[in-house]
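Report on the structure
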Amino acid sequence: MNEVILPNTLTLNEHVKRILQAKTEVQKSIIDMAIVINEAVTQLDDTSQNQLAEKIGMSKGTLSKWVSIGSNQNLLNYRNKLPGSFSTLYELTNLDRQYQSHYGEDEGSQKFVTLIEDKITPDTEKTFVDQTMREHREIVRDAKTTDTQNKIENAFGKSTELQGNVFNLEKLISAKKYFSTFVIIPTPEQLSRWRNLELDDYIYEEYPLADIRKTSHSGTLHCVFQSTMNDIETALKCLYAFGFNYRDTLIPEQNISGFSSLNDSTVFVRGVRGISKSNKLPIKSSNLQHLLEYAEQLGTAPYLLVGEKTKRKDWLCCIE
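Computed from a predicted structure; not experimentally measured. Positions within a chain are numbered from 1, following the residues in the order the chain's sequence is written. Only residues with pLDDT of 70 or above have their local features reported here, since the model is predicted, and side-chain atom pairs are shown and tallied only from 80 upward, although totals for entire chains, interfaces and linings are computed over all residues. As a rule here, side-chain values come from all non-hydrogen atoms in the structure, and water together with hydrogens is ignored.

**Section: the overall build of the protein**
Helix numbers and strand numbers start at the N terminus; a helix is a DSSP run of H or I with at least 4 residues, a strand a run of E with at least 2. Secondary structure summary: the protein contains 12 helices and 7 strands in total. Going through the 320 residues of the protein one by one, you find that 37% of them count as buried. Between two residues, a contact is recorded if the distance between any of their heavy atoms is within 4.5 Å. Pairs at least 24 apart in sequence give 65% of the contacts found in the protein among residues at least 6 apart. In short, Shrake-Rupley with a 1.4 Å probe defines the accessible areas, and a residue's cover is counted only from the protein chains shown. Summing over all exposed atoms, the protein offers an accessible surface of approximately 19,200 Å²; the carbon and sulfur share of this is 49%. Relative accessibility decides the category of a residue: with a 1.4 Å probe and only protein chains considered, values under 20% of the type maximum give buried, values over 50% give exposed, and everything between is partly exposed.

Below you can see the structure in the form of C-alpha cells.
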C-alpha cells in the first residue's frame with residue numbers, strides 16, 4: 001500500500017533522520033559545553049569561579065561535575081562514541097577514577113579505554129554504567145576482604161608448609177593453617193568427651209578447632225557435623241564451640257507416612273559463619289565421598305576433614 005504524504009509533512013524515515021541528527025547535535029553540545037566550562041575554570045581564580053557559577057546559573061557542585069567531564073581526556077578522545085546524557089557522562093568519569101584508584105593510573109586508564117571501545121555507544125544508558133560501577137565495587141570489596149583476611153592471618157605469623165595431608169590439631173595450629181570449610185565426623189571417643197562437657201566453651205578449651213578457622217571477612221564459612229539425632233545437642237554445642245552458628249539439619253529420607261523416631265539415624269548438622277543464603281542442596285548418602293562432594297558444593301577451599309581420612313584433592317585431614 002502506498003504511503004500518503006500530506007502537504008508540509010514528512011515521511012517516517014525523514015522524521016527519523018531529523019531526530020538522529022538532533023540527537024548527534026545534543027551529544028556534541030554536551031561535550032562542547034563540558035570543554036568550555038573546564039577551560040574557564042582552569043583559567044579563572046577561585047573568586048572568579050564562584051562568580052562564573054552564579055552567572056551561568058549553576059551550583060558549585062554541578063560546575064564541578066561539568067569539569068570532571070570536560071577534563072577527562074579518556075572521554076574526549078572518544079567523543080563521537082559517547083552518549084549525550086550529562087549524568088551518564090559524569091558516571092563514566094567516576095568509573096574512570098575508580099579504575100585508576102584500584103588498578104593504578106596506567107592499568108586503570110587502559111581498562112577504562114577498553115570499556116569505551118568495546119561497550120560504550122551513543123545509545124548507552126546510565127543504567128549500564130551504574131551496573132558496571134556496582135560490579136567494580138564488588139571486585140574492590142572482595143579484594144579488600146581478602147587483604148583483611150591475609151593481614152589477620154599474618155598477624156600470627158606466616159604459615160608453615162606441611163608434607164602429607166594427615167595431621168593432628170596441635171600440628172595444624174602450630175603451622176598456622178586456616179580453613180573455610182569443615183566436615184567433622186567425630187570418633188566415638190571424641191563424641192563421648194564432648195557429650196560430657198556441659199558448655200561449648202569447655203569443648204573449645206578441650207579441642208580448639210576454632211583456632212584454625214578463617215575469619216568471615218573473605219566469605220562465608222561452613223561446617224558440616226555428622227551426628228545421630230540422639231546426639232543433636234552435642235552437635236550443636238560443638239558448632240558453637242568451633243565458632244559457627246546453627247543453620248539447619250539434614251535428615252535421611254523417610255519412606256513411611258506419619259511420624260517416627262529418628263534417634264539412631266545419622267543426621268548432619270550444618271553451621272555457618274558470615275552471610276548465609278538459603279541452601280537446598282541434598283547429601284546423596286552418608287558415604288564419605290558424597291559428604292565431601294556436598295561440602296565442596298557448599299563452601300570453598302581450604303577444606304578440612306576432622307575425624308576421618310581421605311585422599312581427595314584439596315582436603316587436609318585432622319585426626320585428634
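After that view, the rundown keeps rolling.
**Focus: the environment of Gly70**
Tracing the sequence through the fold places Gly70 in helix H3 (residues 60-70). Through-space distance from the C-alpha of Gly70 to that of Tyr90 is 9.7 Å; in sequence the pair is 20 residues apart. Apart from the residues within four sequence positions on either side, Gly70 is in contact with Ala34, Ile35, Asn38 and Leu76.

**Concerning the packing of helix H5 (residues 86-103) against helix H6 (residues 105-119)**
Here, axes are lines fitted to C-alpha atoms. For helices the fit covers the stretch in contact, and angles between N-to-C directions go from 0 to 180 degrees. Put simply, H5 and H6 touch, their axes get as near as 6 Å, and they point 145° apart. Note that H5 runs across H6; the crossing there is right-handed. Each of Leu92, Leu95, Asp96, Tyr99, Gln100 and Tyr103 in H5 lies in contact with H6, whose residues at this interface are Glu105, Glu107, Gly108, Ser109, Lys111, Phe112 and Leu115. Residues were grouped as follows: Ala, Val, Leu, Ile, Met, Phe, Trp, Tyr, Cys and Pro as nonpolar; Asp, Glu, Lys and Arg as charged; and all remaining residues, including Gly, as polar. A per-class count over the contact of H5 with H6 returns 6 nonpolar, 3 polar and 4 charged. We call a crossing left-handed when the near helix sits turned anticlockwise from the far one by less than a right angle, and right-handed when that turn is clockwise.

**Topic: the sheet that holds strand E4 (residues 245-250)**
For two strands to be treated as a pair, DSSP must find at least two bridges joining them. Across the sheet, 7 strands lie side by side as E1-E7-E6-E2-E3-E5-E4; this open sheet has mixed pairing. Only two strands of the sheet have a single neighbouring strand rather than two, namely strand E1 (166-167) and E4. Here strand E3 (residues 221-228) pairs with strand E5 (residues 266-273) via 8 bridges, running antiparallel. When the bridges of E5 are listed, Gln226 appears paired with Phe268.

**Observations regarding the packing of helix H9 (residues 188-196) against helix H11 (residues 232-241)**
As a packed pair, H9 and H11 sit with axes 9 Å apart at the nearest point and diverge in direction by 85°. Judged by the angle between their axes, H9 and H11 are roughly perpendicular. Listed contacts from H11 to Leu191, Trp194 and Arg195 of H9 are Thr234, Lys237 and Cys238. Looking at the contact of H9 with H11 residue by residue, the classes come out as 3 nonpolar, 1 polar and 2 charged. Roughly parallel means an angle under 35 degrees; roughly antiparallel means over 145; roughly perpendicular covers 65 to 115; every other angle is labelled oblique.

**Describing the pairing of strand E2 (residues 181-184)**
Side chains Thr181 and Val183 of E2 all project onto a buried face; the interleaved residues Phe182 and Ile184 project onto the opposite face, where all are buried too. Sheet topology note: the E2/E3 ladder contains 4 bridges and is parallel. Of the residues in E3, the one forming a bridge with Val183 is Val224. The pairing of E2 with strand E6 (residues 303-306) spans 4 bridges and is classified as parallel. Directly across from Val183, in E6, lies its bridge partner Leu305.

**With respect to the environment of Leu239**
Within the secondary structure, Leu239 is located in helix H11. C-alpha of Leu239 to C-alpha of Phe225: the two residues are 14 residues apart in sequence and 7.7 Å apart in space. Ignoring any residue separated from it by four or fewer positions in sequence, one finds Leu239 in contact with Cys223, Phe225, Phe244, Tyr246, Val269, Arg270 and Gly271.

**A short note on unusual backbone geometry**
Put simply, Ala301 and Pro302 share a cis peptide bond, and its omega is 0°. Take Pro302: it is sitting in the loop between helix H12 (288-298) and E6. If you check the backbone angles, Glu320 has positive phi at about 55° while not being a glycine. Looking at the element boundaries, Glu320 is found in the segment after strand E7 (315-318).

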